[in-house]
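Tertiary structure, described
Each chain, written out:
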Amino acid sequence: MLQIEIDEGSGFCFGVTTAIKKAEEELAQGKTLYCLGDIVHNGMECERLREMGLITINHDDLRELHDVKVLLRAHGEPPETYELARKNHIEIIDATCPVVLQLQKRIKKQYETGDGQIVIFGKKGHAEVLGLVGQTKSTAIVIESFDEVTTLDFSRDIYLYSQTTKSLDEFHRIINYIQSHISPEATFKSFDTICRSVANRMPNISQFATKHDLILFVCGRKSSNGKVLFNECLRVNPNSHLVEDPQEIRAEWLEGIQTVGICGATSTPRWLMEQCRDAIQNIQV
């Protein structure tokens, strides 16, 4: 008998849960609601909310809108977005994650104090990172990986922050490198701004992946957090597959398998993991 377990630690983080709840509350009142960017990096959840009436827009669309309600998702936005909304009489429903909001404030305060390089360890072009860079009038330096740390000017002060969903281990490698290369005359300060609800998932999901013959990692392919967590599953269990929806599950994956573990990213809804479980059970019938 095939055993299937859904990881209890997987699924929406607090910030995503709050954003979706705010959207559902507005839509339940029958009101028109726009969302700036995909509310979550999961196509099926976005489709579910679209069917409820949520209209996803981009920044170009925002410039053309007036006198409407727009939800800002958990990733956060730069100051320019709020200024545009004020000009266009747009009512903002702000679902920025509290962890991201606090980080934005810290970076803005550092920027306003004066000199030095503000460095953000994050994915270039990612919504959260754009919001962080926006606090510095686009002067912050973004490095995506440890390999890029060598591009910094070690003769000048460095203030290092991180996108909330980046790898804690890689962040510490960057810190160690800067500490060993910074000029004695320069100041270096690092701020651990990685969200623990995300960082703690790494060891938990690693342990979960070792328990099963087959791992199904359910996640939208746009999710940065999902890529990091899936790679960890793959590292400890080579028989791991990333799927966006139940239709991608292949019957041959289940041949000779006794246990299946289903897990996902912070952007993966529980109902989607349950649909994948049901699809596996149907294959077994």
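Further up the page is the structure itself.
Report on the accompanying structure. (Residues numbered from 1 in each chain as written. Predicted model: local features only at pLDDT ≥ 70, side-chain atom pairs only at ≥ 80, totals over all residues. Heavy atoms only, no water.)

Let us now look at the sheet that holds strand E6 (residues 117–121). Taken in spatial order, the 4 strands line up as E7-E6-E8-E9 in an open sheet, and their pairing is parallel. Both outer strands of the open sheet, strand E7 (141–143) and strand E9 (188–190), are each paired with one neighbouring strand and no more. Between one strand and the next, the sheet's axes are offset by a mean angle of 20°, whatever the strand orientation. The sheet contact formed by E6 and strand E8 (residues 158–162) spans 5 bridges and is parallel. When the sheet's bridge partners are listed, valine 119 is paired in E8 with leucine 160. In the packing of helix H7 (residues 168–181) onto the sheet, the strands contacted are E6, E7, E8 and E9, and the crossing angle to E8 comes to about 175°. (Pairing = 2+ DSSP bridges. Helix = DSSP H or I, 4+ residues; strand = E, 2+ residues; numbered from the N terminus. Axes fitted to C-alpha atoms, helices over the stretch in contact; angles between N-to-C directions. Contact = heavy atoms within 4.5 Å.)

Looking now at the pairing of strand E2 (residues 33–36). On E2, burial covers both faces: Leu33 and Cys35 on one face and Tyr34 and Leu36 on the other are all buried. Pairing of E2 with strand E3 (residues 54–57) involves 4 bridges; the strand directions are parallel. Residue pairing across strands places leucine 33 opposite leucine 54, the latter belonging to E3. Crossover connection from E2 via helix H2 (residues 43–52) to parallel E3: handedness right-handed. (Buried < 20%, exposed > 50% of the residue type's maximum accessible area, 1.4 Å probe, protein only. Right-handed = clockwise from strand over helix to strand, strands pointing away.)

Two modes of strand pairing occur in sheets, parallel and antiparallel, and in both the strands are linked by backbone hydrogen bonds. In space, the 4 strands of this open sheet follow the order E3-E2-E4-E5, with parallel pairing throughout. Edge positions in the sheet fall to E3 and strand E5 (91–94), since each has one partner strand and no second. Neighbouring strand axes in the sheet, compared pairwise and without regard to direction, differ in orientation by 30° on average. Strand contacts of helix H1 (residues 14–28): E2, E3, strand E4 (69–72) and E5, with the helix running at about 165° to E4, the strand carrying the most contacts.

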